[in-house]
Amino acid sequence: MVGEYILEMKGISKAFPGVQALKRVDFNLQRGEVHALVGENGAGKSTLVKILSGVYKKDEGDIVLNGKKVDIGTPQIARELGIATIYQELAMVPQLSVAENIFLGRPIFGKFHFINRTAMEEKAKVLLESLGVSIQPSKLVEDLSIGQRQLVEIAKALSLDAKIIVMDEPTSSLSQTETEYLFKVIDRLKSNGISIVYISHRFEEILNVADQISIIRDGNNVGTLSGKSATHEKIIELMVGRRIEEFYVKVNVEYGEPVFCVENLWRKGVFYDINFEVREGEILGITGLVGAGKSEVVRSIFGLDPLDGGKVLFNNKEIFIKSPINARHLGIGFLPETRKEEGLMLPLSVRRNISITILDSLCKWGLINSLNEVQLVEDYVKTLKIKTPTIEEITVNLSGGNQQKVAIAKWLGIMPKLLILDEPTKGIDVGAKSEIYALISELVKNKVGVVLVSSDLDEVMAISDRLIVMHEGVITGYFKTKEVSKINVLSAATGFNNPQTTNFSGTVAR
Amino acid sequence: APVIGLTMPGLNVPYFASYIGAWDAAAKEYGVETIVLDAQWDPAKQASQMEDLIASNVDVIVVVATDTQAIIPSLEKAFNAGIPIVASNAAPDESAYKFLACYAGPDDYQEGVIAAEMMAAALEGKGDVVILEGAPGTHPAVYRQKGFVETIEKIAPEIKVLASQPANWQKAMATSIMENWVLKYPNIDGVFGHDDTLAVGAADAAKAAGITDIVIIGIGGSGEGLAAVKSGDLYGTNLQSPVEDAKLAMEKAVAIANGEEIEDFFYYIPIPKVTMENVDQFEPEW
Amino acid sequence: MNFLKLFAKHRVWFILLGILIVTILMSPNFLTVRNISNVLLQTSINGIIALGMTFLLISGDFDLSVGSVMALSAALAIGLQSRGILTACITAVVLGSAFGLLNGFLVTKAKINAFIVTLGTMTMVRGIVLAYTNQRPISGSNSSFLNLSGSSWLGIPIPAFIFFAGVIVSHIILTYNSLGRNCFAIGGNREASIFSGIRVDRYRIIYFTICSFTASIAGIVLASRLNTASPVYGQDTALMVVAAVLLGGTSLAGGSGSVIQTLAGVMIIGVLNNSLNLLNVFSYYQGLIIGIILVVVTILDSYYAKKRKFEAQIVTKRLEFKKELNNGT
Amino acid sequence: MIQTTYQETKKTTGLRILMDILKRHGIFVALIALFIVGSLISDVFLSPRNIFNILRQSSIVGIMAIGMTFVLIGGDIDLSVGSTLSLCMVLAIGLQQQGLALSILIVLIVGILAGLLNGLLVGLFKANAFIVTLGTMSIVQAIALIYSKGYHMLGDPESAFSIIGRGMIGPVPIPVIIFIAFSIVFHIILNNSKFGYSVYATGGNAKAAWASGIHTGLTKLLAFALTGFTAAVGALVMSSRLASAQPSAGQGYELDVIAAVILGGISLLGGRGSILRTVVGALFFAVFSNLMILLNVAYPFQLVIKGAIIICAVWADIIGRRALQQ
Ligand SMILES: Nc1ncnc2c1ncn2[C@@H]1O[C@H](COP(=O)(O)OP(=O)(O)OP(=O)(O)O)[C@@H](O)[C@H]1O
Ligand SMILES: Nc1ncnc2c1ncn2[C@@H]1O[C@H](COP(=O)(O)OP(=O)(O)OP(=O)(O)O)[C@@H](O)[C@H]1O
Ligand SMILES: [Mg+2]
Ligand SMILES: [Mg+2]
C-alpha cells in the first residue's frame, strides 16, 4: 500500500485570538494507512483535523485531495469529499436514535418525502454489523455508553462512504477491551482501503496501530516517523523537544496514619460491599473495565451521587458526606471523569475556575482579596505549566490537557488531605502526564492520601502503591502493586479472580 | 329570582373593583342572583364568557366591554338566543344598538367635552396644553380624547395641543412624561389627563418642577383626584361614580328581567363637574 | 414500578386527567357539549401558536413576539377586508411570517440572543399595530369572515378543527419529516448538527418563520371570531404559550418535546381557566389558584423527570453494554 | 512560547487601547451615541435637570435590574418581579398607619419572602425557573389584588415616607442616590464576595460548581431573594414617589427589567455579565424614553424605534466584540 498520497495538506496556518495554533504545517496521508498525529496538549492536532473537516477555515495553505486542490469551506463539503471525522467531543444528538444519528443530515426518504425509519434502521443495522457490533439502531443515543457511541460514530463515517476517517482521541474514554475492539475495526477499515488519521496520547496504542506517526509541536509538524521504526523515546523527544528521563514519576514515601477508610459501602444496582483504606502519603489505585463502577464508587464517596449504606471514616472518625460541600470542608478533593460536564465551568475564566474552591480562605471581611487570588492562580498556572494567554482567558478556549490541569489546580488550593482523581490523565499528552504524576508525588510527599481511578493499567500499576480491581460493581482484587503482574490484574478485572485468594484484604493490618 | 350575568373587562383596576362592590350590594338589595366574570382585558376571553353566560341561560346579561367593537358578535349571539343585554360603562359601536336593550352608564365622549369646557374656561380660551392618554385602544382613552380634542377645536381654537402621549393609566408613567414635558415646554398652561390618576401624576411632576400656575384637569373623581382638587393641585375633574354606574346597570337589568317596559335607550349617570368650590360635596368612590 | 415509568413518561396527560376529574366532580356544567366546545374554542387560539412555539423550543430557540404578530395579523385581516377576505388573510399571514423570517435572520446571522431579538420585534410590531389601527379597535364589515370561526361542525368549533389539524400535521412533520427531525438534532446538539452538514441556520430561520406563521393564523382566527382587531390583542400571549409548551414537557434547553404533549399543556391551562369560571371563583382567586397549580405541576414534573433519568441511567445502561459488546465480538 | 508571539504582535498604543475598550463595550458606545444624538436634537436634553430626570426615571428599573443581574448570571430568570413590585407597593401604602420603620421593614421582608419562594422552588426543588416564576407572578399579583381589594391605595404625600421617592440631597434625588449606592454595593458583592463568585460559577456550569463544593441551590436561593429585595426597594421608591399605589402598577415591569439587564450584555445562558453593564442597560432605556418624549414622537412610532434600537444596540455590542477577536 505504498505510493500515491490520497491527501496532502501543505503549509496550513491557523490563528485564534491570542494563539497561533498552526504554523505552516505539512501533512500527507497515503491510501489505506493509519497515520497517527501526536503532540502535546494544545499543539494543534485537533485544529489541524478540524480544518480538514471544514469546521475551521485555514488562514493559509492548500489541501490537495487525490491530486486535486480542494476548498473545504463547510463540514458538508468535507463529507461530500469523503472525509469523515469522529471528534474529540463526540458529535451526537443524544435525544435521537442510533439510526438517526448515523444518517444525521441526510435521512433516507420514503413515500411523500417522509423519513423512512425502517429503511434507515435496516441500513444502520447492516453498517453496525459490518463493524461486528449489534447495537439496536432504534435505541436512543443517550442510552448508550461512550464506547458504543464511538462505534456509532464510526458507523456514521462508514455510511458516508468515507475514504478518510479522522479519529480525534477515540480511545480516551474507552477501556482496554474496548480499545482492542476498536483496533480490530480499524484493521478492517484499513483492509478496505480507507485511510485513517488517528490522534491519541497513548503511545502503546499508537505504536500498535499506526503506519506513520507525525509529531506536532507548537503548531509545527516536527517530523514523521514510520510506525515500525518509531520508539517511545523518539516520539517523546520530538514531541517535547527533550528527553523525559522518567516518565512515571514515583517517589517512595513512608505511609502515615490511615486518613480515609470505607466499609461495606453499597448503592443499589450500582456497587456492593466496597471496603478500602487510604493512608497518608499513599496512592491507592482503582482500576477495572469501563462500567465496572469505579467512577460511581468515588462519586458516591464524594457526595455527588447517593449512597445506600456503609461506613466512611476520615481520620478515624465516622463521617457522613452528603454533598461535595461537606467533602470540601473536610479537605477532600475530587477530579471528576467528565471534565466538561463537571470538572470545569467552561464559560468562565481560568481564574474563576481555580479560585472557586478556596473562596473561604481568600475572604477577608467577607470580601475576596483579588490580589491574593490573582497571585495564587498565577502560581498554579506557573507550577502546573498551564498554557493560557492570561488567567482571564475563558477555559473553553484552552486545549483539553490544559483544561484538565485547571480542573486539578482548583483542588490543590484547599490543601487536601485526600484527593480523588478519576481518570486524571485522560486526553493528556505525555509531557503533561508526567507533570501530573510528578504532582501526585509532590502531594503524597506532603502526606496527602491519593485515590487514583484509572483504566490505564500501565499507569495505575506504575504509580499506585496498592491496587483495587473492580468488576461489575464489586471488588475482585486487592493487590500490592509491586507484587502483582498485569495478568493477575486483568483477570481480576474480567471477573475471573476470587478476592479471597489475593494477597491482602481491604483494610490492612496496622 | 332572576339571574343576571355580568362580564367585566378587568377587575384589577380600582374603578371596576369599586363597581363590583356596588354591584354586589345592589344585587342583595334587589334580591337577584348574579354571575360575575372577569375577562382580564382579553376580548377573546370576554367572547367566551358571553358564550358561557348564554349557555347558562341567564335572564339578562350586563356587559362592560373590554373592547366595544370586538364584543359585537357576542352581542348578536346573545340577541339571537333571546337574552336581553344591558351595556354598561362603555357604549358599544352604533351598529350594535340593535342587539341591546339599553345602555346604562357614563358617557366617555361627554366627559372629554366637559373637561374641554373646563379647560377653555380656566385658560380663557387661550394657551398651550398637553394630554396624558390612557392605554391606547381602550374605550375611555379613545372617546375622552375625541371629546376633548373636538370640543377644544370648536370652542377654543386658540388653545393648542402641544403634545399627547399615552401613559397607560399608570401614574408613574404620567409623572415621568410630565417631568420631561416641563423641560421641553417651559410654558405649559394646561394638562388634561384621561383620568385623575394621570392628572395627579402630572400635578406631582409640575409641583416638583416648581410650576404652580398650571391648569390640570382630570376625569373620574377618584379619591386621589378629589383630594388634589381640594388642595388646588388639580383645577378640576368630573365625577364618574362607579357606584352609580353599577347601580344604574343593575336597575335596568332588573327592570328588564321583571318584564317592565324600557322607554329610552340611553341612560346616563350624571357626571358633575368638580372644582375647588364644590369639591366638599363629593365623596370619593374609587 | 411499571406504573411509575408510564406515569413519568406521560405525566402531563395524567395531570390533565386529574384536573378534569376534579373539575367534573365539582362543576356539573363542565361536561356539556356547549361548554366543551367552548373550552376548545378558547384553547385553540393559544394552541395554534403553541404548535409553532413547540418547533422553536425544541430547536433551542425562543419567541416573545408571537402576541404582537398575532395582533398585527388580526389587524391586517380586518383592515384589508375591503380588498377581499382572501387577499386580506394572505397578506396577514405573509407579513406576519415575514417577522419570523426577520427574527430568524437576526438570531442566526447577526447572532443576537433570541430573547433580545424577539423582545425587539415584539415592541416594534406592537408599534406597527398601534399605528395601523390608529390606536383603536377596528372592525370588519364582511360577516362571512365572521362565519369562518364563528361556526362549528359536528359541534366542534372551526378554530378547534384548525388546531387539531395543526397538531396532526405538526406531529407528522416532527416525527417523519427532516424538517421536524432536524429540529431535535439542532436543539439536541447544535455543533453535531453543523458537523453533520445540516444547514442549521437555514432551519432555525424556518422554525422562527413557522412560529410567526402560526401566530398569524391565530391572529386571523381571533379576528374572525370577534370580527374586530384590537391593538391590545395578545399582550400576555407569549408567556402563556411558552408556559403551555413547557408544561407539556418540552424543554427550554431544546432537543426534546412533542406537539402531542403540547396539546396536553394547552388543555391544562384551558380547562383550568374554564373550570374556575364555571365554579364562579372570583377573579383574584383565579390568579392565585392558577399560579399555585402551575408551581405544583412544575415541581412534580422536575421530580419525575429526575427520577426517570436516574433509573434510565443506572439500571439499564450497566449490563447491557457489555452484553452487546460481547455478542458483537 | 505561544503567549510571547501573541504579545509581540500586539502593539499597545493608546489609540489601540481606546479602540479595544470601545469594541469590548459596544453598549457603552451605543449609550454615548444616544447621548450625542439627544444633545444635538434637543437643547434641554443635556440640562442638569433633565439628566437628573433621566437618572430618577431609570432608578426603579435600575434598582430592580441589579437584583435580576444576579439571577440571570446564575442562569435563571425571574418573571415575577413585576408582581412583587405591585404587592410591595400596595403594602407600602397600605401599612403607612403602622409607622414608617415597621411598614418599610414589612415591605422589605415581603419582597424577600417572595424572592425566597422563587429561590426555594428553583434552587432547592429544581423546578424550571421560567414556568415557576410565571406561576408566582400570578400568585403574587393575586395577593396584591386581594390585599388591596383592587382599590387604588392612597398615601399621604406629606408623610416622612415620601422622602424616599421625592426627597433630594442637594440637587440629587434620593432615588438616584439609592440607585448609585446599590450599584456600587452590589458591584462589589458580585465581583468580590463569595456569593458573587458562586453566582458566576453556578451560571457558568451548575454541575461543575456543585462538584467543586459550591452550594448551587443555596446560591440560587440567595440570588432570587436578592431580586425580591431589590423589587421591594423599587416598590418603596415608587410608592413613596407616587404617594399611592395601583394594585397592578408593576405589570409588565419584568420585561423592562430583564431587557435592561440583557441589553447590558448578559448572556441568558448565565455565567456572564456585570452590574456596570446592567446600569448602562437601564440608563439606555431611560434615555431613550426621555428623548422620545422630548421629541414628541407618536407612541406607536416610539415602540417601533424602541424595538429597532434594542436589536441594534445589542448588535453593535456583538459586532464590537467580534471585531476585537480578529
Ligand atoms: N475555538 C478556539 N478559540 C480559541 N483558541 C482555540 C480554539 N480552539 C483551539 N484553540 C487553541 O489552539 C491551540 C491548539 O488547540 P488544539 O485543540 O488543536 O490542540 P490539541 O493538539 O488537539 O490538544 P489536545 O491534545 O489537548 O486535544 C490551543 O492553544 C488552543 O487553546
Ligand atoms: N457519560 C456517559 N454516558 C453514557 N454512559 C455512561 C457514561 N458514563 C458512564 N457510562 C456507563 O455507565 C456505567 C457505569 O460507569 P462508570 O463510570 O461507573 O464505570 P467506570 O468503571 O468508572 O468506567 P470508566 O472507565 O468509564 O470510568 C458503564 O456502563 C458506563 O459505560
Ligand atoms: Mg485535541
Ligand atoms: Mg469512570
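Note that the coordinates shown come from a computational prediction; the quantities given were computed from them, not determined experimentally.

## Here's the deal with the overall build of chain C
- For chain C, the count of helices and strands is 14 helices and 4 strands.
- Residue burial in chain C is summarised as follows: out of 329 residues, 60% are buried.
- Of all intrachain contacts in chain C linking residues separated by at least 6 positions in sequence, the fraction that spans at least 24 positions is 79%.
- Approximately 12300 Å² of chain C is accessible, and the part contributed by carbon and sulfur atoms is 66%.

## Side note on the overall build of chain B
- For chain B, the helix and strand inventory stands at 9 helices and 12 strands.
- Taking 2.2 N^0.38 as the reference for a compact globule, 286 residues should give roughly 19 Å; the C-alpha atoms of chain B span a radius of gyration of 20 Å, in line with that estimate.
- By the burial criterion, 66% of the 286 residues in chain B qualify as buried.
- Carbon together with sulfur atoms contributes 49% to the accessible area of chain B, which is approximately 9800 Å² in total.
- Positive and negative charge centroids in chain B, built from 16 and 41 side chains respectively, lie 4 Å apart.

## Re the site of ligand 1
All names here are of chain A.
- Close contacts around ligand 1 come from 20 residues, with Asn-41, Ser-46, Thr-47, His-201 and Asn-397 the closest.
- One nitrogen or oxygen atom from the side chain of Ser-46 is found 2.5 Å from an oxygen atom belonging to ligand 1.
- Its free accessible area being 630 Å², ligand 1 has 86% of it covered by the protein chains.
- Mapped by element, the contributors of at least two residues to the shell around ligand 1 are strand S2 (19-30), helix H1 (45-52) and helix H15 (400-412).
- The dominant element in the shell around ligand 1, judged by the number of residues it contributes, is H1, at 3 residues.
- Broken down by class, the residue content of the shell around ligand 1 amounts to 6 nonpolar, 11 polar and 3 charged.

## Details of unusual backbone geometry
- Phi at Asn-168 of chain B is positive, roughly 55°, even though this residue is not glycine.
- Positionally, Asn-168 of chain B belongs in the loop between strand S7 (159-166) and helix H6 (171-184).
- Taking the relative accessible area as the measure of exposure, Asn-168 of chain B reaches 23% and is therefore partly exposed.
- In this model, Lys-111 of chain C sits at a positive phi of 55°, which is unusual for a non-glycine residue.
- Tracing the backbone through its elements, the reader meets Lys-111 of chain C in the loop between helix H5 (85-108) and helix H6 (114-132).

## Some thoughts on the site of ligand 2
- Near ligand 2, the surroundings consist of 17 residues, among which Gly-293, Lys-294, Ser-295, Glu-296 and Glu-337 of chain A are the closest.
- Ligand 2 sits at the junction of chains A and C, each of which supplies nearby residues.
- Between ligand 2 and Ser-295 of chain A there is a distance of 2.6 Å, counted from an oxygen atom to a side-chain nitrogen or oxygen.
- About the coverage of ligand 2: the protein hides 86% of its 600 Å² of free accessible area.
- In terms of residues, the shell around ligand 2 owes the most to one element, helix H9 (residues 294-302) of chain A, which gives 3 residues.

## Focus on the coordination of the magnesium ion (ligand 4)
Residues and elements named next belong to chain A.
- The magnesium ion (ligand 4) binds to the protein through Ser-295 (OG) and Glu-337 (OE); the donor distances cover 1.7 to 2.4 Å. On the criterion of sequence distance, the pair formed by Ser-295 in helix H9 and Glu-337 in the loop between strand S16 (332-335) and helix H11 (339-343) is long-range, its members being 42 residues apart.
- Looking at Ser-295, the relative accessible area reads 13%, which means it is buried.

## A closer look at the interface of chain B and chain D
- Chain B puts 34 residues into the contact, and the matching count from chain D is 33 residues.
- With both chains or domains summed, chain B and chain D bury close to 2600 Å², and 50% of this area falls on carbon and sulfur atoms.
- Area buried by chain B at its contact with chain D is led by Asn-12, Asn-180 and Leu-183 of chain B, which between them contribute 24% of it.
- Ionic pairing is found between Glu-179 of chain B and Arg-56 of chain D, a salt bridge with its closest N-O pair at 2.7 Å.

## Details of the interface of chain D and chain C
- Contact with chain D, which involves 42 residues of that partner, is made by 40 residues of chain C.
- When the two sides are added together, the surface that chain D and chain C hide from each other amounts to roughly 3500 Å², 84% of it contributed by carbon and sulfur.
- Summed over the three residues of chain D that lose the most area to chain C, namely Phe-130, Ile-131 and Ile-311 of chain D, the buried surface amounts to 18% of that side.
- At the surface where chain D touches chain C, the tally comes to 0 salt bridges.
- Of all elements in the fold, only helix H7 (129-148), helix H13 (253-263) and helix H15 (299-325) of chain D reach the threshold of two or more residues within the side of chain D that touches chain C.
- Counting residues per element, the side of chain D that touches chain C draws most heavily on H15 of chain D, at 14 residues.

## Concerning the environment of Ile-154 of chain A
- Position of Ile-154 of chain A among the secondary structure elements: in helix H5 (residues 146-159).
- Placed 31 residues apart in sequence, Ile-154 of chain A and Val-185 of chain A show a C-alpha to C-alpha distance of 9.0 Å.

## A few points about a nonpolar patch on the surface
- A surface patch of nonpolar side chains, about 560 Å² in accessible area, is lined by Ile-32, Ile-36, Val-37, Leu-40, Ile-41 and Leu-295 of chain D.
- Here Ile-36 of chain D lies in helix H3 (residues 26-41).

## Examining the confidence of the model for chain C
Residues and elements named next belong to chain C.
- Residue-level pLDDT values for chain C average 84, and 88% of them are 70 or greater.
- The low-confidence segment residues 312-329 (pLDDT under 50) makes 41 contacts with residues lying over four places distant or belonging to another chain.
- For this predicted complex, the interface confidence comes out at an ipTM of 0.83, alongside a pTM of 0.86.

## Details of the UniProt feature "transmembrane region" (unreviewed entry) in chain C
Residue and element names in this part refer to chain C.
- Feature annotation in UniProt assigns "transmembrane region" (unreviewed entry) to the following positions: residues 12-32, 39-58, 85-106, 112-132, 153-174, 205-226, 238-271 and 283-304.
- Within the segment residues 85-106, helix and strand shares are 100% and 0% respectively, and the terminal C-alpha atoms sit 32 Å apart.
- For the annotated span residues 153-174, helix accounts for 77% and strand for 14% of the residues, and the straight-line distance between the end C-alpha atoms is 28 Å.

## A few points about the side chain of Thr-84 of chain D
All names here are of chain D.
- With respect to the helices and strands, the residue Thr-84 is situated in helix H5 (residues 81-94).
- Looking at Thr-84, the relative accessible area reads 3%, which means it is buried.
- If sequence neighbours within four positions are ignored, Thr-84 has contacts with Gly-111, Ala-114, Val-140, Gly-228 and Ala-231.

## Details of the pairing of S7 of chain B
- As paired strands, strand S6 (residues 127-133) of chain B and S7 of chain B are joined by 7 bridges and run parallel to one another. Each bridged residue has a counterpart across the sheet, and for Ile-131 of chain B the counterpart in S7 of chain B is Ser-164 of chain B.

## Looking at the environment of Gly-135 of chain D
- For Gly-135 of chain D, the location among the structural elements is in helix H7.
- Along the backbone, Gly-135 of chain D and Asn-118 of chain D are 17 residues apart, and their C-alpha atoms lie at a distance of 9.6 Å.
- When sequence neighbours within four positions are dropped, the list of residues in contact with Gly-135 of chain D reads Gly-291, Leu-294 and Val-295 of chain C.

## A few points about the sheet that holds strand S15 (residues 317-319) of chain A
Residue and element names in this part refer to chain A.
- The sheet built from 4 strands is open, its strands ordered S12-S11-S14-S15 with antiparallel pairing. Since the sheet does not close on itself, it has two edges, and those belong to strand S12 (271-279) and S15, each with one partner. Across the sheet, the mean angle from the axis of one strand to that of its neighbour is 20°, orientation sign disregarded.
- By the bridge criterion, 6 bridges tie strand S11 (residues 258-267) to S12 in an arrangement that is antiparallel. Along S12, the bridge assignment pairs Leu-265 with Ile-274.
- Contacts between H9 and the sheet are confined to S11 and S12, with S12 contributing the most and set at about 70° to the helix.

## Comments concerning the pattern of salt bridges
- For the structure shown, the criterion picks out 34 salt bridges over all chains.
- Between Lys-220 of chain D and Asp-76 of chain D there is a salt bridge, with the nearest N and O atoms lying 3.4 Å from each other. Here Lys-220 of chain D is found in helix H12 (residues 216-242), whereas its partner Asp-76 of chain D is found in the loop between helix H4 (48-73) and H5, with 144 residues between them in sequence. Accessibility classification places Lys-220 of chain D together with Asp-76 of chain D in one group, the buried group.
- If you follow the salt bridges from partner to partner, you end up with Arg-267, Arg-299, Asp-305 and Glu-342 of chain A in one network.

## Things to note about the packing of aromatic side chains
- Tallied over the full model, the rule gives 30 aromatic pairs over all chains.
- On the numbers, 6.3 Å between centres and 10° between planes, the contact of Trp-266 of chain A with Tyr-272 of chain A is stacked.
- Classification of Tyr-272 of chain A by relative accessible area gives partly exposed; the value is 38%.
- Look at Phe-282 of chain C and Tyr-284 of chain C: their rings are 4.8 Å apart centre to centre, the planes differ by 65°, and that puts the pair in the edge-to-face class.
- Look at Phe-282 of chain C and you get partly exposed, because its relative accessible area is 31%.
- Above the face of the Tyr-197 of chain D ring, Arg-352 of chain A is positioned so that its terminal group lies 4.7 Å from the ring centre.
- We note Lys-364 of chain A situated over the ring of Trp-365 of chain A; from NZ or CZ to the ring centre the distance is 5.7 Å.

Quick notes on the rules
- Residues numbered from 1 in each chain as written.
- Chains lettered and ligands numbered in written order.
- Predicted model: local features only at pLDDT ≥ 70, side-chain atom pairs only at ≥ 80, totals over all residues.
- Heavy atoms only, no water.
- Helix = DSSP H or I, 4+ residues; strand = E, 2+ residues; numbered from the N terminus.
- Buried < 20%, exposed > 50% of the residue type's maximum accessible area, 1.4 Å probe, protein only.
- Contact = heavy atoms within 4.5 Å.
- Areas by Shrake-Rupley, 256 points an atom, 1.4 Å probe, with all protein chains shown as cover.
- Rg over C-alpha atoms; globule rule 2.2 N^0.38 Å.
- Lys, Arg positive; Asp, Glu negative; His and termini not counted.
- Charge placed at Lys NZ, Arg CZ, Asp CG, Glu CD.
- Near = heavy atom within 4 Å.
- Polar contact = N/O pair within 3.5 Å; in protein donor to acceptor, adjacent residues only side chain to side chain.
- Nonpolar A, V, L, I, M, F, W, Y, C, P; charged D, E, K, R; others polar.
- Donors = N, O, S within 2.8 Å, 3.2 Å for Na, K, Ca; no water.
- Buried area = accessible area lost by both parts, 1.4 Å probe.
- Salt bridge = Lys/Arg side-chain N within 4 Å of Asp/Glu carboxyl O.
- Patch = residues over 30% accessible without salt bridge, like charges linked within 9 Å, V, L, I, M, F, W, Y side chains within 5 Å.
- pLDDT = per-residue confidence, 0-100.
- UniProt positions renumbered as here; feature names shortened; annotations may be inferred.
- Pairing = 2+ DSSP bridges.
- Axes fitted to C-alpha atoms, helices over the stretch in contact; angles between N-to-C directions.
- Phe/Tyr/Trp six-rings, centres within 6.5 Å; stacked < 30°, edge-to-face > 60°.
- Lys NZ or Arg CZ within 6 Å of the ring centre and 35° of its normal.

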